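Chain residues, written in single-letter form:
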Amino acid sequence: MYEPYVKLPLSKVARIERGKFSARPRNDPKYYGGEIPFLQTGDIARAGRIIQGWTQTLNELGLGVSKMFPRGTIFMSIAANIGDVAISGFDAACPDSVVAVKPRNGFDPEWIFQSLKFSKNDLAALSTQNAQANLSLEKIEPFKLPVPPLPEQRKIAEILRTWDEALEKLAALRAAKERRLSALRAALLFGRLRLGGRGHKWVPTRLDAVTHELTKRNGAKGLGRDFVMGITKAEGVVPMREQTIAGDISRYKRLPPRAFAYNPMRINVGSIAMNERGGEVLVSPDYVVFACNPDGLDPDYLDHLRKTSWWGHYINSGGSGSVRQRTYYDDLAALKLPLPELDEQKAIAAVLNTARDDLAATKREIEALTRQKRGLMQKLLTGEWRVALSRDKEQ
């Protein structure tokens, strides 16, 4: 029969040391631009497990007002993205928005890393909510962890690290597929690589020549509240929360399948999407809704084109070098699309859809594996499941 894990405060498991950057003002350029990595909270958030890169550096003057930590240090963010942890792959300095966690004798570093990663939400809940959320050492050090004997710590760490390595490989595969999709879009959507077309010359075509605005309203006896959608950059067309829907939805606009909608005040940050649902939905009466002419523009082709930097440049400049606060259909109409014949558009869209769907499958695999690992952490790190040890490892 196994004994339950003893709960110990983090201060008994590891030494917690806060980073440092005492210079004021913090943005004084005389401290920056050297060869010393200066880790920020965002570097930790992006790392996954091992921090491989950095976004800011210090010179020797900057190091004099900061603090250096060796390769292999566990770093935890205590401001902004509170509770994110990662292990440095190099010697680095850090500011006071980051703490260094140094395992004490008798405690496995990888087990501590996994335990902190699992405890992210609980640690974040301890933060003080001021102008910016932050977590103090006084809150971190008493935080208790269920602590198994050292041989179990090592075995648990070994198991969880195996899952992390699988996730790292999938993340690298995802990045490669993202680069491939971006390269294919750049080559196919701008005529650098042709798919048929019999040498047909692409003619720059105004958006309003191959699309039309849709203004049909829901009406008093139209679709119900379950059909009201919002537009997001990350997820496209998504259901709206009930509390954000107006009491009267008769003025809401109808968005047919494969038509586009966007918030005219947020298109510059990517809040535009094609309705990929099987039926008609509703969007805010303030949104712009438009559809592709069936004889001139393939919706999938336009959907890929809007995800390029070329599209973003036009939207952010308003097509005329000025910054627009609102972009209505008439503003968008002047955009000249690089447009092949319809058959070639469809051929291009088919290739890009295949690459996009392949990328989406990898993302789903990462999400599933992440959920599975989270469930395994819950079992192993709390002692609900105990690991079997060989006799030589027990001694």
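Now for a look at the structure at hand.

What counts, and where the lines are drawn
- Along every chain, residues carry numbers that run from 1 in the direction the sequence is written.
- Confidence filtering applies because this is a predicted model: local features only for residues at pLDDT of at least 70, side-chain atom pairs given and counted only at 80 or more, and all residues used for totals across whole chains, interfaces and linings.
- The basis for the side-chain values is all heavy atoms of the structure; hydrogens and waters are excluded.
- When DSSP locates at least two bridges between a pair of strands, those strands are taken to pair.
- Secondary structure follows DSSP: runs of H or I at least 4 residues long count as helices, runs of E at least 2 residues long count as strands, and numbering of each begins at the N terminus.
- Every axis corresponds to a line fitted to the C-alpha atoms, with the helix fit spanning only the stretch in contact, and the corresponding angles, defined between N-to-C directions, vary from 0 to 180 degrees.
- The salt bridge definition used is simple: a Lys or Arg side-chain nitrogen within 4 Å of an Asp or Glu carboxyl oxygen.
- Exposed residues in this analysis have more than 50% of their type's maximum accessible area, buried residues have under 20%, and partly exposed residues fall in between, with area computed by a 1.4 Å probe over protein chains only.
- In plain words, nonpolar cores are sets of buried Ala, Val, Leu, Ile, Met, Phe, Trp, Tyr and Cys residues tied together by side-chain atoms within 4.5 Å.
- The contact rule is simple, with two residues in contact once any of their heavy atoms fall within 4.5 Å.
- Oblique is the label for any angle not covered by the other classes, which are roughly parallel (under 35 degrees), roughly antiparallel (over 145) and roughly perpendicular (65 to 115).
- With the far helix as reference, a near helix turned anticlockwise by less than a right angle produces a left-handed crossing, and one turned clockwise produces a right-handed crossing.
- Residue classes follow a fixed rule: Ala, Val, Leu, Ile, Met, Phe, Trp, Tyr, Cys and Pro count as nonpolar, while Asp, Glu, Lys and Arg count as charged, and any other residue, Gly among them, counts as polar.
- Between rings of Phe, Tyr and Trp, where Trp is taken as its six-membered ring, a pair exists when centres lie within 6.5 Å; planes separated by under 30 degrees are stacked, by over 60 edge-to-face, and by other angles tilted.

## Some points on the sheet that holds strand S13 (residues 211–214)
In step 1: Sheet architecture is open: four strands sit in the order S13-S20-S17-S18, paired in antiparallel fashion. The outermost strands of the open sheet, each flanked by one partner alone, are S13 and strand S18 (272–274). Geometrically, the sheet is characterised by an average inter-axis angle of 25° between neighbouring strands, direction not taken into account.
In step 2: Relative to strand S20 (residues 288–292), S13 runs antiparallel, the two sharing four bridges. Considered in S20, the bridge of His212 is made with Ala291.

## Regarding the pattern of salt bridges
Pairs can form between side chains of opposite charge whenever their charged atoms are close.
In step 1: This structure, assessed with the given rule, holds 21 salt bridges.
In step 2: Where Arg254 meets Glu280, a salt bridge forms, and the shortest distance between an N and an O atom there is 2.7 Å. Separated by 26 residues along the polypeptide, Arg254 in strand S16 (residues 253–255) and Glu280 in the loop between S18 and strand S19 (281–283) bring together distant segments of the chain.
In step 3: We classify Arg254 as buried; its relative accessible area is 14%.
In step 4: Accessibility expressed as a relative area gives 27% for Glu280, which makes it partly exposed.

## Examining the nonpolar core
Soluble globular proteins tend to bury their nonpolar side chains together.
In step 1: Judged by nonpolar contacts, the single largest core of 35 residues is most densely connected at Trp111, Ile112 and Ile140.
In step 2: Here this core takes five residues from helix H4 (residues 109–118), the largest share from any one element.
In step 3: Residues within four places of Trp111 in sequence aside, it is in contact with Val13, Leu145, Pro146, Val147, Pro148, Gln153, Ile156, Ala157 and Leu381.
In step 4: The next biggest cluster of nonpolar side chains, apart from the first, holds 30 residues, and it includes Leu189, Ile267, Leu302 and Tyr329.

## Digging into the packing of helix H7 (residues 150–188) against helix H12 (residues 342–382)
In step 1: At a minimum axis separation of 10 Å, H7 and H12 run at an interaxial angle of 165°. As far as their axial angle goes, H12 and H7 are roughly antiparallel. Of the two possible hands of crossing, H7 and H12 adopt the one that is left-handed.
In step 2: Broken down by class, the residue content of the contact of H7 with H12 amounts to 23 nonpolar, three polar and 11 charged.

## Considering the packing of aromatic side chains
In step 1: The full count for this structure, using the stated rule, is 10 aromatic pairs.
In step 2: Relative to Phe75, the ring of Phe69 lies with its centre 5.7 Å away and its plane at 85°, an arrangement referred to as edge-to-face. When sorted by exposure, Phe69 lands in the same class as Phe75, which is buried.
In step 3: For the pair Phe260 and Phe290, a centre-to-centre distance of 5.4 Å together with 10° between the ring planes defines the contact as stacked. You can see Phe260 sitting in strand S17 (residues 260–262) and its partner Phe290 sitting in strand S20, a full 30 residues away along the chain.
In step 4: On the accessibility criterion, Phe290 (0% relative accessible area) is buried.

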